[in-house]
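One letter stands for each residue in the lines below.
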Amino acid sequence: MAIEIIMPKLGVDMQEGEIIEWKKQEGDFVNEGDVILEMMSDKTSMELEAEESGVLLKIVHGNGATVPVTEVIAYIGAEGETVEAGSAPAVEPAAAIEEVPAGRAPVIVAPAVAAKPQGGGKVRATPAARKLARELGIDLGLVPGTGANGRVHKVDVEDFKGAAPKATPLAARIATDLGIDLTTIVGTGVNGKILKEDVLAQVAPAVTAEATVTAPKEEKPAKELPEGVEIIKMSPMRKAISKGMVNSYLTAPTFTLNYDIDMTNLMALRKQVLEPIMNKTGLKVTFTDLIGLAVTRTLMKEEHRYLNASLINDAQEIELHKFVNLGIAVGLDEGLVVPVVHGADKMSLSDFVVASKDVIKKAQSGKLKGAEMSGSTFSITNLGMFGTKTFNPIINQPNSAILGVAATVQTPVVIDGEIKIRPIMALCLTIDHRIVDGMNGAKFMVDLKNLLENPLELLI
C-alpha cells in the first residue's frame, strides 16, 4: 500500500515549506530513519527522515518547490507499485496530521488520504480519540469536541458513535461533501460498515464525476512586464522575516538609546586572551563574543531584570527570566536568522566563544534546529563590520530589547583637558516602552558601558 510523504507542519505559524534537496531519488529503496529530504521551514533548515521502509515511488514536488503544509510531496510503497500523477492511491485515511513542536523530529509519512475536518482546517483531537475514531470508522470532523478550542476527546467519540452509522472516514467525508445522510445508506462492508462505493452509488454518475473530479482552471494570460523588470517569489525565510518585523514594528512602541564606548581596554583584553583561548578551544575570540558576555553579565543584575523580560498573555503580564538566552543575529545572503546561546549566564568567556561559534556556524550552513532559534531573552545584532555608525534595530519579539553594535571609529575625544584619538564604538539599544522606561534603559547602558571600558571583570 502506497504511503504519502507530506510537507510537515513544524510550527504554529508555518504555512509552507521549501524543498532544498531530495537526498533519495525515485526508485531508490528507503529504510526507516533514512534522511530523504532537506527542506527550509521559515528560517530553519531541516532534514526529514522516512518513518517507514519502502521504495520511493514518486516525487511530486522537486528541488526548489515551495509546498503548503500537509500537502503530498512524494509516495513510498512496495517495489513495482505505481502511483498515478496528481492522484493518491485508493487507501483508507488515518488521523489528521499532528503539529510538530520545534526541536522534535518531524512526522512526514501518513496514509495517502488525510481526513478532512468538516468545514476545512485541522481537527483538534486527543490520540485516544483518534484511535477510537479509526476503529469505529468515524470522521473526527463530524464529532463535536467538548475540550478547549473544540478539542475532541475519547468520550466525545463514544457519545457520537451511538448516533452515527459506521462508515470509513473517506465515505463519511464524501457523504459530507455531497450532503448525503449516512443513515439512509446500507453499508456493504464488514459488519455493515459504509464504504465510499456505497455513498457514490447514491448519486447520479454525472454528480459523482462533478464531485470527485476537479475541473481544470482557466489560466490567466501572463502579465507583460516592462523591460528590465523581474518578479520573484518571496522565499519562506523572507516571508517569515517580513511577518516578524511587521509584527514587532506595529506591536511594540519603541525608542533607541545611543552610547559611545571607548574600546581601548577591550581591544587590549582581546589581544591578551586571543592566544590562550585559541589554544584551549581552537577558536578565535571576537568582539561580538566579548560584547555578548558583557551584555549577559549586565542583564543578570537584579536592577536590569526588565531588560531580560517578555510580555505574555496579550501583554497583560511580564515574564521575568533569571537566566540569559542570548540571541545573536546572523545575516545570510537569503535573509536573517537569530540563533540562540542558551544558558549564557553560566558560561565563562571560553565557554561562550565555543557556544556562539557553534550556533553561528550552523546558521551560516543552514543547519540550525528549531530549538536553537527559539527561547531568546535578549538579542544583539552587529553591523559594525560594514562601517555602520548608528542604526535603530528592530526588537526580536518577544524580547523587551535588542542591542545594536555599530562600527568602531578612531575619534578625537577630550581626556583630562587634552584631545586624544581613541577607538570609539557606538551601541544602539532599542527598547519596548511597554516594559522598560527611558531611565531604566539608560541605567542598563551606563553599567554596560562601564563593564566594556573596564573589562577585566569578564574574566572573573
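Anything mentioned here points back to the structure above.
Residues numbered from 1 in each chain as written. Predicted model: local features only at pLDDT ≥ 70, side-chain atom pairs only at ≥ 80, totals over all residues. Heavy atoms only, no water.

**Observations concerning the overall build of the protein chain**
Of regular secondary structure, the protein chain possesses ten helices and 19 strands. Per-residue burial over the protein chain gives 43% buried out of 460 residues. Relative to all contacts within the protein chain whose residues are 6 or more apart in sequence, the contacts with residues 24 or more apart total 62%. Within the structure as shown, the protein chain displays about 24500 Å² of accessible surface, and the carbon and sulfur contribution to it stands at 53%. (Helix = DSSP H or I, 4+ residues; strand = E, 2+ residues; numbered from the N terminus. Buried < 20%, exposed > 50% of the residue type's maximum accessible area, 1.4 Å probe, protein only. Contact = heavy atoms within 4.5 Å. Areas by Shrake-Rupley, 256 points an atom, 1.4 Å probe, with all protein chains shown as cover.)

**Topic: the pairing of strand 12 (residues 317-320)**
Where strand 11 (residues 309-312) lies against strand 12, four bridges are found, and the strand directions are antiparallel. Pairing of A309 across the sheet is with L320, part of strand 12. (Pairing = 2+ DSSP bridges.)

**Let's talk about the packing of aromatic side chains**
Tallied over the full model, the rule gives one aromatic pair. Relative to F444, the ring of F378 lies with its centre 6.0 Å away and its plane at 45°, an arrangement referred to as tilted. Within this pair, whereas F378 is found in strand 17 (residues 378-382), its partner F444 is found in helix 10 (residues 438-453), the two being separated by 66 residues in sequence. (Phe/Tyr/Trp six-rings, centres within 6.5 Å; stacked < 30°, edge-to-face > 60°.)

**Some words on the pattern of salt bridges**
Applying the stated rule across the entire model yields twelve salt bridges. For the salt bridge of D447 with K301, the shortest nitrogen-to-oxygen distance reads 3.8 Å. Separated by 146 residues along the polypeptide, D447 in helix 10 and K301 in the loop between helix 8 (287-299) and strand 11 bring together distant segments of the chain. Given a relative accessible area of 22%, D447 falls into the partly exposed group. Of the residues examined, K301 reaches a relative accessible area of 34% and is grouped as partly exposed. Among the salt bridges present, the one from E302 reaches R305, with a minimum N-O distance of 3.3 Å. On the basis of relative accessible area, R305 is assigned to the partly exposed category, the value being 29%. Salt bridges sharing partners connect three or more residues here, namely E21, K23, E38 and K367. (Salt bridge = Lys/Arg side-chain N within 4 Å of Asp/Glu carboxyl O.)

**Considerations on the sheet that holds strand 13 (residues 326-328)**
Backbone-to-backbone hydrogen bonds join strands into a sheet, with any given pair of strands oriented parallel or antiparallel. Strands sit in the order 10-19-18-17-13-16 across an open sheet of six strands; the sheet is mixed. Bordering the open sheet on either side are strand 10 (254-262) and strand 16 (340-341), each of which pairs with just one other strand. The sheet contact formed by strand 18 (residues 401-415) and strand 19 (residues 418-432) spans 13 bridges and is antiparallel. Bridged to I415 within strand 19 is E418. Sheet contacts for helix 8: strand 13, strand 17, strand 18 and strand 19; angle to strand 17, the most-contacted strand, approximately 155°. (Axes fitted to C-alpha atoms, helices over the stretch in contact; angles between N-to-C directions.)

**With respect to the pairing of strand 6 (residues 54-59)**
Among the six residues that make up strand 6, five are buried, leaving the element largely enclosed by the rest of the structure. In this structure, strand 3 (residues 29-30) lies alongside strand 6, joined through two bridges in antiparallel fashion. Looking across to strand 6, one finds that F29 is bridged to V55. Bridge count between strand 6 and strand 8 (residues 72-77): four bridges; the pairing is antiparallel. Bridge assignment links K58 to a residue of strand 8, and that residue is Y75.

**A short note on the side chain of T430**
Tracing the backbone through its elements, the reader meets T430 in strand 19. Here P393 takes part through its backbone oxygen, which lies 2.8 Å from a polar atom of the side chain of T430. Dropping the residues within four chain positions of it, T430 is found in contact with T254, F255, T256, N392, P393, I395, S400, A401 and I402. (Polar contact = N/O pair within 3.5 Å; in protein donor to acceptor, adjacent residues only side chain to side chain.)

**Topic: unusual backbone geometry**
With an omega of 5°, the peptide bond between Q397 and P398 qualifies as cis. Phi is positive for N313, close to 50°, though the residue is something other than glycine.

**Observations concerning the environment of V273**
Its place among the elements puts V273 in helix 7 (residues 264-281). Here V273 falls in the buried class, since its relative accessible area comes to 10%. Here the alpha-carbon distance between V273 and L349, two residues 76 residues apart in the chain, equals 9.5 Å. Apart from residues lying up to four places away in sequence, V273 is in contact with V285, L349 and L459.

**What about the packing of helix 8 against helix 9 (residues 349-365)?**
Orientation of helix 8 relative to helix 9, taken along the N-to-C sense of each, is 115°, at an axis distance of 10 Å. Judged on the interaxial angle alone, helix 9 and helix 8 are roughly perpendicular. The handedness of the crossing between helix 8 and helix 9 is right-handed. Counted together, D289, L290, G292 and L293 of helix 8 and L349, F352, V353, S356 and K357 of helix 9 form the full contact between these two elements. Its residues placed into classes, the contact of helix 8 with helix 9 shows five nonpolar, two polar and two charged. (Parallel < 35°, antiparallel > 145°, perpendicular 65-115°, else oblique. Left-handed = near helix turned anticlockwise from the far one by under 90°. Nonpolar A, V, L, I, M, F, W, Y, C, P; charged D, E, K, R; others polar.)

**Remarks on the nonpolar core**
Counting residues in hydrophobic clusters, the biggest one holds 55 residues, and the most contacted among them are V295, F378 and L403. The greatest single-element share of this core, amounting to seven residues, is contributed by helix 9. Core analysis: the second largest hydrophobic core is formed by 18 residues, M7, M46, L48 and I73 among them. (Core = buried A, V, L, I, M, F, W, Y, C linked by side-chain atoms within 4.5 Å.)

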